[in-house]
Amino acid sequence: MSKEHATLTIEDKIYKLPIVRGTEGDKAIDIRKLRTETGYITLDSGYMNTGSCRSDITFLDGEKGILNYRGYPIEDLAEKCSFVEVAYLILIGELPTREQLNDFRALLSRFALIHEDLIHFFDHFPPQASPMSILSTMVNTLNNFYPEMSGDSDEDLMIISARLLSKIRTLAAFSYKKSVGHPLVYPRYDLSYCGNFLNMMFDKPVRPYVVHPEVVATLNKLLILHADHEQNCSTSTVRLVGSAGVNLYTSISAGISALWGPLHGGANSAVIEMLEGIRADNNDFEKYIQKAKDPNDRFRLSGFGHRVYKTFDPRATIIKRACTKTLEALQVEDPLLEIAMKLEDIVRHDDYFISRDLYPNVDFYSGIIYRAMGIPTDMFTVMFAMGRLPGWIAHWSEMMQDTDDRRIGRPRQVYEGPVQRDFVPLHERS
Ligand code: ACO
C-alpha cells in the first residue's frame, strides 16, 4: 500500500486519507475508513466519482478515448481476434495459445445444447414478450438446471463461462425463432461461435442458411467491442447482486435487466426507432435536435453521450467503419445510414452538443449493422448482452475471488425526510 495520502479538514480536524494509484495512473482517495473516523460519508449520486472496486480487467481513459482489455488496445483486438479469443483473454487474463483456444472452443461446442425442459418455458411467454425479458428469465432459470460452481479455479471458471457463453447464444436464437413461430434450429458442432448463432437464427427447413464470412467477421467485431467496459451500469449490477453471495446465473440475469434500459444497452434499438422517426418526419432533423436541447423535454438523442468518454468513444469509431464496410459487402442500401451520418454531422457542429462533450457512442451505428444482417430491432440489446457476457462473468469471478476486499455492496444515504415525531393513533388523525 502506498504511503501517499490526501488531507481532509473537517471542523478544524485534519484527517489523512491514503491515496491509491492504478497501473495506468488512475488516482483514488481511499475513503473506506472515512465514516468510522470522521462520522461523515461522501455523497455521489450516479457514482460519478466513486470507485467501487480495484480491478485487473479493463482500463479506459475517457479523455483520451483509450479502451484496453487486460492491457491490449481494443483496436488490435477488434481487428485481429475472434470473439472467443477475446472472451478467453477477459476471463483468464492472457491471450490463449492455439491449444488453449481449441480446448475452449471444444468446451463451447460441448455445452451448446440447452436442457429440453427449458424449451417448454418459451411456450409460456406472450407473443409480444420482449426478448430481453425472456433472456433475463431464462438465464436466471439455468440455475435450476445446471450445477452451481464457485469459479474459484481457472478450470472451474472455464467450465461455468463456457457453459453460459454457449447456452446464452442458443437461448437468444431460440427466443427469436419462437417469436416468429419458426421451428428451432439446434447448434452444430462444425460451425464457429458466431457462425453457429447466425445459423440458429436464420436457417429454415425450406431455405437453408449459408453462413456469410463477412457477416461472421462483423459479428465477431461487434461482440468484441461490447465484451467489457469496466464498472458500467450492468456490470456494477452483476457485482452488486453477486456481492450478496448470489450464484452466477442470477447475478448475470440482473445484469441483463440493467442493460435493457434505453440509457444503457437499450439505446441501440432506441437509435433505430429515432432514425425511423426522423425519416417518417421527412428528415426534419431540426425538430429532433430542438427536442433534445429542450430542458423540459425528456427526449434525448439516442446513441450520443457517455458517462466516461468525453472526446470520442473508440468503439464508435471502429463500428462506424465496420458499418459502411458491411453494408457494401452485403450490398445493402439502408436509408437510415445516410440519416445517421447527417445527424452526426449536425451534432458535431452544434454548440449545445460540443459544450457537453456529446459524441456518438457504441450504440449509434451498431443497429444499422444488425439490420443489414437481418437481425430484428428488438434483438439488438440481446446481441449486446451476448457480447458483454465475458465481462460480466470476469467481474463476478474477480469479486468472488477477492478475499481481501470482498464485502456486500451497501451504499449509504443522506436522509432528508421528517425528523422523528410522535406517533398519532388512527382515531386522532383528521
Ligand atoms: N441528447 C441530448 N442531451 C444529452 C444527451 C443526449 N443524448 N446526453 C446528455 N445530454 C445532456 C444532458 O441533458 C445534460 O445537459 P445539462 O447539463 O444542460 O443538464 C448534459 O448533457 C449531461 O448529461 P448527463 O445526463 O448528466 O450525463 P450522464 O453522464 O449522466 O449520462 C448518458 C450519460 C446516460 C449515456 C447520456 O448521455 C444519455 O442519456 N445518452 C443517450 C442514451 C444512450 O445513448 N445511452 C447509451 C450509452 S453507451 C452504453 O451504455 C452502452
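Before reading on, note that the structure itself is shown above.
Keep in mind that what you see is a predicted model, and the values were worked out from it rather than measured.

A. Structural view of helix α10 (residues 233-242). Along α10, the residues classified as buried are Ser234, Thr235, Val238, Arg239 and Gly242. The buried residues of α10 occupy an angular sector of 140 degrees when projected down its axis, which confines them to one face. Residues of α10 that are buried in the fold lie against α11 (248-259) and α18 (380-401).

B. Summary view of the site of the ligand. Looking at the ligand, there are 20 residues lining it, with Leu263, His264, Arg300, Leu301 and Arg307 nearest. Within the backbone of Leu263, a nitrogen or oxygen atom sits 2.8 Å from a nitrogen atom of the ligand. Protein chains bury 73% of the 930 Å² of accessible surface belonging to the ligand in isolation.

C. Up close: the packing of aromatic side chains. Taken as a whole and judged by the stated rule, the model has 12 aromatic pairs. Measuring from centroid to centroid gives 5.9 Å for Tyr288 and Phe299, while their planes differ by 65 degrees, and the two rings are edge-to-face. A residue pair is termed long-range when its members are at least 10 positions apart, and Tyr288 in helix α13 (residues 285-293) and Phe299 in the loop between α13 and α14 (314-329) qualify at 11 residues. Judged by its relative accessible area of 9%, Tyr288 falls in the buried class. When the centroid spacing of 4.7 Å and the interplanar angle of 55 degrees are considered together, the rings of Phe304 and Phe364 count as tilted. Of this pair, Phe304 sits in the loop between α13 and α14 while Phe364 sits in helix α17 (residues 363-373), and the two are 60 residues apart along the sequence.

D. Seen up close, helix α12 (residues 267-280). The terminal C-alpha atoms of α12, which comprises 14 residues, lie 19 Å apart, in line with the 20 Å expected from a rise of 1.5 Å per residue. Among the residues of α12, Ala267, Asn268, Ser269, Ala270, Val271, Ile272, Met274, Leu275 and Ile278 are the ones counted as buried. One or two positions beyond α12, positive phi appears at Asn282, with a value near 55 degrees.

E. Just empty space enclosed by the protein, in detail. According to the stated counting rule, one finds 1 cavity of 30 Å³ or more in the structure shown. Approximately 40 Å³ is the volume attributed to the largest cavity. Lining the largest cavity, in full, are Gly305, His306, Tyr309, Phe312, Asp313, Asp357, Leu358, Tyr359 and Pro360. Taken together, the residues that form the lining of the largest cavity break down as 5 nonpolar, 2 polar and 2 charged.

F. Highlighting the layout of surface pockets. The computed volume of the second largest pocket comes to approximately 240 Å³. Around the second largest pocket sit 14 residues that line it, and Glu79, Ala217, Lys221, Ala322 and Lys325 are the ones nearest its centre. Going through the elements one at a time, α2 (74-80), α9 (213-226) and α14 are the ones with two or more residues in the lining of the second largest pocket. Among the residues making up the lining of the second largest pocket, the classes are represented as 5 nonpolar, 4 polar and 5 charged.

G. Structural context of the pairing of strand β5 (residues 66-69). Relative to β5, strand β4 (residues 58-61) runs antiparallel, the two sharing 4 bridges. Across the sheet, Asp61 pairs through a bridge with Ile66, a residue of β5. Sheet analysis places β5 next to strand β6 (residues 72-73), joined by 2 bridges and oriented antiparallel. In the strand pairing of β6, Asn68 is matched with Pro73.

H. Region of interest: a nonpolar patch on the surface. Judged by side-chain polarity, Ile41, Leu43 and Val414 come together as a nonpolar surface patch covering roughly 270 Å² of accessible area. Its relative accessible area of 30% is what places Ile41 among the partly exposed residues.

Cut-off values and rules
- Residues numbered from 1 in each chain as written.
- Predicted model: local features only at pLDDT ≥ 70, side-chain atom pairs only at ≥ 80, totals over all residues.
- Heavy atoms only, no water.
- Buried < 20%, exposed > 50% of the residue type's maximum accessible area, 1.4 Å probe, protein only.
- Helix = DSSP H or I, 4+ residues; strand = E, 2+ residues; numbered from the N terminus.
- Arc of directions from axis to C-beta.
- Contact = heavy atoms within 4.5 Å.
- Near = heavy atom within 4 Å.
- Polar contact = N/O pair within 3.5 Å; in protein donor to acceptor, adjacent residues only side chain to side chain.
- Areas by Shrake-Rupley, 256 points an atom, 1.4 Å probe, with all protein chains shown as cover.
- Phe/Tyr/Trp six-rings, centres within 6.5 Å; stacked < 30°, edge-to-face > 60°.
- Expected span 1.5 Å × (residues − 1).
- 1 Å grid on protein atoms, 1.4 Å probe; cavity = no way out; pocket = protein on both sides within 12 Å on 5 of 7 lines; lining within 4 Å.
- Points joined across faces, edges and corners; volume = space filled by probe spheres on them.
- Nonpolar A, V, L, I, M, F, W, Y, C, P; charged D, E, K, R; others polar.
- Pairing = 2+ DSSP bridges.
- Patch = residues over 30% accessible without salt bridge, like charges linked within 9 Å, V, L, I, M, F, W, Y side chains within 5 Å.
- Salt bridge = Lys/Arg side-chain N within 4 Å of Asp/Glu carboxyl O.

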